[in-house]
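Survey of secondary and tertiary structure
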Amino acid sequence: MPNAKVLSEKQAIVNELTDRLNASAAGVLVDYSGISVADDTQLRKKMREANVNYTVVKNTLLRFATRNVGFDALDGVLNGTTSLATSADDPVAPARILNEYAEKLPKFTIKGGFMDGKVISVDEVVALAKIPPLPTLRAQVLGTMLAPITSLAIVLKAIAEKNGAPAEAEAAAE
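Residues numbered from 1 in each chain as written. Predicted model: local features only at pLDDT ≥ 70, side-chain atom pairs only at ≥ 80, totals over all residues. Heavy atoms only, no water.

Take the pattern of salt bridges next. What the rule picks out here adds up to eight salt bridges. Across the pair D75 and R63 runs a salt bridge whose closest N-O atoms are separated by 3.8 Å. Taken together, the residues D75 in the loop between α3 (59-69) and β3 (82-87) and R63 in helix α3 connect sequence positions 12 residues apart. A relative accessible area of 21% places D75 in the partly exposed class. You can call R63 partly exposed: its relative accessible area is 22%. Each of R63, R67 and D75 takes part in a single network of salt bridges with overlapping partners. (Salt bridge = Lys/Arg side-chain N within 4 Å of Asp/Glu carboxyl O. Helix = DSSP H or I, 4+ residues; strand = E, 2+ residues; numbered from the N terminus. Buried < 20%, exposed > 50% of the residue type's maximum accessible area, 1.4 Å probe, protein only.)

So, about helix α2 (residues 37-49). Given a rise of 1.5 Å per residue, 13 residues ought to cover 18 Å, and the 18 Å separating the end C-alpha atoms of α2 matches this to within 8%. All of the buried residues in α2 are D40, L43 and M47. For α2, the angular spread of the buried residues around the axis is 60°, confining them to a single face. Across α2 from its buried face, at more than 90 degrees, point the exposed residues A38, R48 and E49. Check the buried side of α2 and you find it contacts β2 (53-57), β3 and α4 (93-104). At the C-terminal side of α2, N51 shows a positive phi close to 60°. (Expected span 1.5 Å × (residues − 1). Arc of directions from axis to C-beta. Contact = heavy atoms within 4.5 Å.)

With respect to the element layout, A25 can be found in the loop between α1 (4-23) and β1 (26-31). Between the C-alpha atoms of A25 and L134, which are 109 residues apart in sequence, the distance is 14 Å. The contacts of A25, once residues within four sequence positions are left out, are S87, A88, P91, M115 and D116.

Before going further, it helps to spend a moment on the nonpolar core. Membership of the largest hydrophobic core comes to 21 residues, with the highest contact counts inside it found for V28, V30, L43, M47, Y54, L98 and F108. Listing elements by their share of this core, those giving two or more residues are β1, α2, α4 and α5 (122-129). Not counting chain neighbours up to four residues away, the residues in contact with V30 comprise Y54, T81, T82, S83, L98, F108, T109, I110 and K111. L17, V69, F71 and F114 belong to the second-largest nonpolar core, a separate cluster that totals 14 residues. (Core = buried A, V, L, I, M, F, W, Y, C linked by side-chain atoms within 4.5 Å.)

What follows is about the environment of G80. Along the chain, G80 falls in the loop between α3 and β3. Taking the C-alpha atoms as reference, G80 lies 7.9 Å from N59; in sequence the two are 21 residues apart. Every residue in contact with G80, bar those within four places of it in the chain, is listed here: N59 and K111.

Right under this line is the structure:
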């Protein structure tokens, strides 16, 4: 039986992981074996830039935390080397960044994930990764909203030029 100090440290880690899972909009679990130190450093830099919390976790401790938040379906993937990427702001960012690395590195594989309080499969994580970044989506929506107004302005300008052209010609002739 572990001593009280070790047990309390592990309970603190489980509580921290539970809070992190509850506060996250989305998260992705990966098997990080086969990643070089250089690739890992670059991955962590991208994660920080995207405001994604990325850490290596012990499966046993993460299993307790996932059970605390109702993600029991993740028990099956909690084996081998595991790292957890979570984001409170952008639910697509962890999936996008980790999928990019999973495509480049054959041993770096996505195990599963969660979003909006539900466990999602690897296929759903990959589909989520294909969604453009939030600023791009906002620009697309704004462009879609402005397109009819821009078209109307062009048509009105053309009508005004067409109707105003003879009057301008008469004024120049006088």
